[in-house]
Amino acid sequence: MENENNNAQHFLDLIQKSRKGKFKIYIGMSAGVGKTFRMLQEAHSLLKNGIDVKIGYIETHMRKETHELLAGLPIIPRRTIFYKGKELEELDVQAIINLRPEVVIVDELAHTNIEGSKNEKRWQDVLEILEAGINVISAVNIQHIESLNEDVKRITNIDVQERIPDNVLRLADEVVNIDLTSEDLIARLKEGKIYTPDKIQTALTNFFKSEQILQLRELALKEVASQVVRKVENEVPNLHALRHEKLLACISSNDKTAKIVIRKAARLASYYNGSWYVLYVETPQESSTKIALDKQRHLINNFKLAVQLGAEVIKLENKNIADAILITAEEKQITTVCIGKPHLNLFKVILSTTIFRRLLNKLSLSNVDLVILS
């Protein structure tokens, strides 16, 4: 009976998936690489081939070559909102669903909607449109990917506030990288093809430095490569692949270390196209009555971050952390255990050595990898 229910659910999932719109994302290392330009070029090509394509929201930033491509494309009027005495415009999700074009172009996937909108983020608007069976073409910069937040901050010294969950990229049927060399991108900037003349020098001094662009370019290329690997594994089932990775990220109430472990484990899971879990072991010393309220709040926020990045959160009560990790690893058939780099004084190191050695020995016997994330 259970097997019949599983088969029925699988068939229902297939039906629901077939009803959803297809999702294509153009990704780039920074503003100005040509994502919007490419989307508009594709819109013209689709229109020429008899496809009902419409512009839901596009941001040309008044770049001449890009703006000129809007000519001849049907545009769905934006929704007008009055906010703090100003008239602002947003994507009109309901108008798109009512008109039901075959394809809609929706720019700036990481955009935060104006307060009072149905959805907080534009990527949520896009998921709603896809659920209605409408195909969407969108675009995002690599610095807006949630799990890359710390890497981008390290590279650019900017804490990017508008971010999309990694899972949104996983939902895409196609991810296309718009790539430029750092020299070409900087040349475009100096020629005034990205920003107005008054902003060029500031951009060159801050974000548009060659060494930063190279590192962001590497992140973008790696991201798209991992998407291709996933596509191959999903669409070429007979391919003899490596073991299916299952990661277990172990966190404590240490907020900073926990965030690092969660984000880096998310990247590993994304790279290997594997499932992953976040484990928190509540020891007697870390019971809710013994840790500070701010630590409890940070812990809950880290659970939310893990779920947003696609993890399943497991919370256990156990006086022995190593035992809890081993039990979970066996139950979930984990292939890789991820822990944070310990910040311990000598006394704690001495106390922890036996536990760590036991954990390492047990994991090695069960062919489970241990990764220490710093």
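This one's a predicted model, so the numbers in the text were calculated from it and none came from an experiment.

Procedures and definitions
- Residues numbered from 1 in each chain as written.
- Predicted model: local features only at pLDDT ≥ 70, side-chain atom pairs only at ≥ 80, totals over all residues.
- Heavy atoms only, no water.
- Helix = DSSP H or I, 4+ residues; strand = E, 2+ residues; numbered from the N terminus.
- Buried < 20%, exposed > 50% of the residue type's maximum accessible area, 1.4 Å probe, protein only.
- Contact = heavy atoms within 4.5 Å.
- Areas by Shrake-Rupley, 256 points an atom, 1.4 Å probe, with all protein chains shown as cover.
- Pairing = 2+ DSSP bridges.
- Axes fitted to C-alpha atoms, helices over the stretch in contact; angles between N-to-C directions.
- Phe/Tyr/Trp six-rings, centres within 6.5 Å; stacked < 30°, edge-to-face > 60°.
- Lys NZ or Arg CZ within 6 Å of the ring centre and 35° of its normal.
- Core = buried A, V, L, I, M, F, W, Y, C linked by side-chain atoms within 4.5 Å.
- Salt bridge = Lys/Arg side-chain N within 4 Å of Asp/Glu carboxyl O.
- Parallel < 35°, antiparallel > 145°, perpendicular 65-115°, else oblique.
- Nonpolar A, V, L, I, M, F, W, Y, C, P; charged D, E, K, R; others polar.

Assigned secondary structure in the protein chain consists of 14 helices and 12 strands. Expressed as a percentage of its 374 residues, the buried residues of the protein chain come to 45%. The long-range fraction of contacts in the protein chain, counting pairs at least 24 apart against all pairs at least 6 apart in sequence, stands at 74%. Here the protein chain has roughly 20900 Å² of accessible surface; of this, 53% comes from carbon and sulfur atoms.

Two strands in a sheet stick together by hydrogen bonds in their backbones, pointing the same way (parallel) or opposite ways (antiparallel). Pairing is parallel in the open sheet, where five strands are placed in the order β2-β5-β6-β1-β7. At either end of the open sheet lies a strand with only one pairing partner, and these are β2 (53-57) and β7 (174-178). Geometrically, the sheet is characterised by an average inter-axis angle of 20° between neighbouring strands, direction not taken into account. Pairing of strand β5 (residues 103-106) with strand β6 (residues 135-141), which is carried by four bridges, proceeds in the parallel orientation. Across the sheet, residue Val-103 finds its bridge partner in β6, namely Asn-135. Packed onto the sheet, helix α2 (residues 35-48) meets β1 (23-28), β2, β5, β6 and β7 and runs at close to 165° relative to β6.

The next point concerns the packing of aromatic side chains. We describe a pair of aromatic rings using the distance from one ring centre to the other and the angle between the two ring planes. Summed over all chains, the structure comprises four aromatic pairs. Seen from their ring centres, Tyr-271 and Tyr-272 are 5.1 Å apart, and the 85° between their planes marks the pair as edge-to-face. Connected via pairs of aromatic rings, a cluster forms that spans Tyr-195, Phe-207 and Phe-208. Over the face of the ring belonging to Tyr-57 we find Arg-78, whose NZ or CZ atom lies 3.8 Å from the ring centre. Above the face of the Tyr-57 ring, Arg-122 is positioned so that its terminal group lies 3.9 Å from the ring centre.

Before going further, it helps to examine the pairing of strand β9 (residues 275-282). On any regular strand, side chains alternate: one points to one face of the sheet, the next to the other face. Burial runs high along β9: seven of the eight residues are buried. Of the strand pairs in this sheet, strand β8 (residues 246-251) and β9 are connected by six bridges, and their pairing is parallel. Paired with Ile-251 across the strands is Tyr-280, a residue of β9.

The subject of this paragraph is the sheet that holds strand β11 (residues 336-340). If you walk across this open sheet you meet the five strands as β10-β9-β8-β11-β12, and the pairing is parallel. Because the sheet does not close on itself, it has two edges, and the strands there are β10 (312-317) and β12 (369-373). Taken over all neighbouring pairs, the strand axes of this sheet differ in orientation by 25° on average, direction set aside. Running at roughly 175° to β8, helix α11 (residues 255-272) makes contact with β8, β9, β11 and β12 of the sheet.

Glancing now at the nonpolar core. If you look at the biggest cluster of nonpolar residues, it comprises 65 residues, and the most contacted ones within it are Phe-23, Leu-109 and Ile-164. Counting residues per element, this core draws most heavily on helix α10 (residues 210-235), which supplies five residues. Discounting chain neighbours no more than four positions away, the residues touching Phe-23 are Leu-109, Val-126, Leu-130, Val-136, Ser-138, Val-168, Leu-171, Ala-172, Asp-173 and Glu-174. Among the nonpolar cores identified, the runner-up in size contains 21 residues, and Val-261, Ala-266, Leu-309 and Ala-311 belong to it.

Let us now look at the pattern of salt bridges. Any two side chains of opposite charge can pair, so long as their charged atoms come close to each other. Counted under the stated rule, the structure contains 21 salt bridges. A salt bridge links Lys-54 to Asp-52; the nearest nitrogen and oxygen atoms lie 2.8 Å apart. In this structure, the salt-bridge partner of Arg-163 is Glu-146, at a minimum N-O distance of 3.0 Å. In this pair, Arg-163 is assigned in the loop between α6 (149-156) and α7 (166-171) and Glu-146 in the loop between β6 and α6, connecting sequence segments 17 residues apart. In this structure Glu-146 comes out as buried when scored by relative accessible area, which is 5%. Bridged by salt links that share partners, the residues Glu-146, Glu-150, Arg-163 and Arg-263 form one connected network.

The next subject is the packing of α11 against helix α12 (residues 293-308). The geometry of α11 relative to α12 is characterised by a closest axis approach of 10 Å and an angle of 5° between their N-to-C directions. Taken together, α11 and α12 sit at an angle that is classed as roughly parallel. Every residue of α12 that contacts α11 at Asp-255, Ala-258, Lys-259, Ile-262 and Arg-263 is listed here: His-298, Asn-302, Leu-305 and Ala-306. The residue makeup of the contact of α11 with α12, split by class, is four nonpolar, two polar and three charged.

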